[in-house]
Amino acid sequence: YFSLTDAEGKYTFEMQLIYLDKDQIVGKGALPPIDILNRLATHDFGVNIPYLVFPGPGRYEFRLYADNHFITQKDFQVIQQESPAPSPQTPPQPS
């Protein structure tokens, strides 16, 4: 998802997800060309990145491009959460 202002004309948007620790593109998605008519309006868009899997914990960044020109980025941290240990089961008591 991204929100855009101060744009007018026809644009093709692409979003990339980068695993910064390895400088690796792990996902990307694009929108069909969009014609923006009013530069004073706010425009909201959603981009799907199919089959997204985070390869490991670390720093990641979303990068937004319009017509192959870098527009902005947003970085974030992915942490690995350990699964809780299974609770021990009590064996059945003989009667």
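Look up a bit, the structure's there.
All values derive from a computational prediction rather than experimental measurement.

### Regarding the pattern of salt bridges
A full pass over the atoms with the stated rule returns 3 salt bridges. A salt bridge links Arg 39 to Asp 6; its shortest N-O distance comes to 2.6 Å. Highlighted residues: Arg 39 in the loop between strand E5 (34-36) and strand E6 (43-45) and Asp 6 in the loop between strand E1 (2-4) and strand E2 (9-11), separated in sequence by 33 residues. Note on Arg 39: relative accessible area 37%, which makes it partly exposed. Note on Asp 6: relative accessible area 55%, which makes it exposed. Between Glu 61 and Arg 63 there is a salt bridge; the shortest N-O distance is 2.4 Å. A single salt-bridge network, built from bridges that share partners, covers Asp 6, Glu 8 and Arg 39.

### Regarding the nonpolar core
Core analysis: the biggest nonpolar cluster contains 12 residues, these being Phe 2, Leu 4, Ala 7, Phe 13, Met 15, Leu 31, Ile 34, Ile 36, Phe 45, Val 47, Leu 64 and Ala 66. Put simply, the parts of the chain that give this core at least two residues each are E1, strand E3 (13-19), E5 and strand E7 (58-66). Not counting the four nearest positions on each side in its chain, Phe 45 is found in contact with Tyr 1, Phe 2, Leu 4, Phe 13, Leu 31, Ile 34 and Ile 36. By size, the runner-up hydrophobic cluster in this structure holds 6 residues, among which are Leu 17, Tyr 19, Tyr 60 and Val 78.

### Regarding the packing of aromatic side chains
Inspection of every chain in the model, using the stated rule, returns 10 aromatic pairs. Pairing Phe 13 with Phe 45 gives two aromatic rings, centres 5.5 Å apart and planes at 35°, and the pair type is tilted. With Phe 13 in strand E3 and Phe 45 in strand E6, this residue pair connects regions lying 32 residues apart in the sequence. Relative accessible area serves as the criterion here: at 2%, Phe 13 is assigned to the buried category. By way of ring pairs, the aromatic residues Tyr 19, Phe 54, Tyr 60, Phe 62 and Phe 76 are connected into one cluster.

### So, the environment of Ile 79
Position of Ile 79 relative to the elements: it lies in the segment after strand E8 (69-78). The class for Ile 79 is exposed, based on a relative accessible area of 70%.

### Comments concerning the pairing of E3
With 6 of 7 residues buried, E3 is to be regarded as a mostly interior element. Where E3 and E7 come together, 7 bridges link them in antiparallel fashion. Considered in E7, the bridge of Met 15 is made with Leu 64. Where E3 meets strand E4 (residues 24-30), 6 bridges bridge the pair, whose relative direction is antiparallel. Bridge pairing links Glu 14 to Ala 30 in E4.

Calculation criteria
- Residues numbered from 1 in each chain as written.
- Predicted model: local features only at pLDDT ≥ 70, side-chain atom pairs only at ≥ 80, totals over all residues.
- Heavy atoms only, no water.
- Salt bridge = Lys/Arg side-chain N within 4 Å of Asp/Glu carboxyl O.
- Helix = DSSP H or I, 4+ residues; strand = E, 2+ residues; numbered from the N terminus.
- Buried < 20%, exposed > 50% of the residue type's maximum accessible area, 1.4 Å probe, protein only.
- Core = buried A, V, L, I, M, F, W, Y, C linked by side-chain atoms within 4.5 Å.
- Contact = heavy atoms within 4.5 Å.
- Phe/Tyr/Trp six-rings, centres within 6.5 Å; stacked < 30°, edge-to-face > 60°.
- Pairing = 2+ DSSP bridges.

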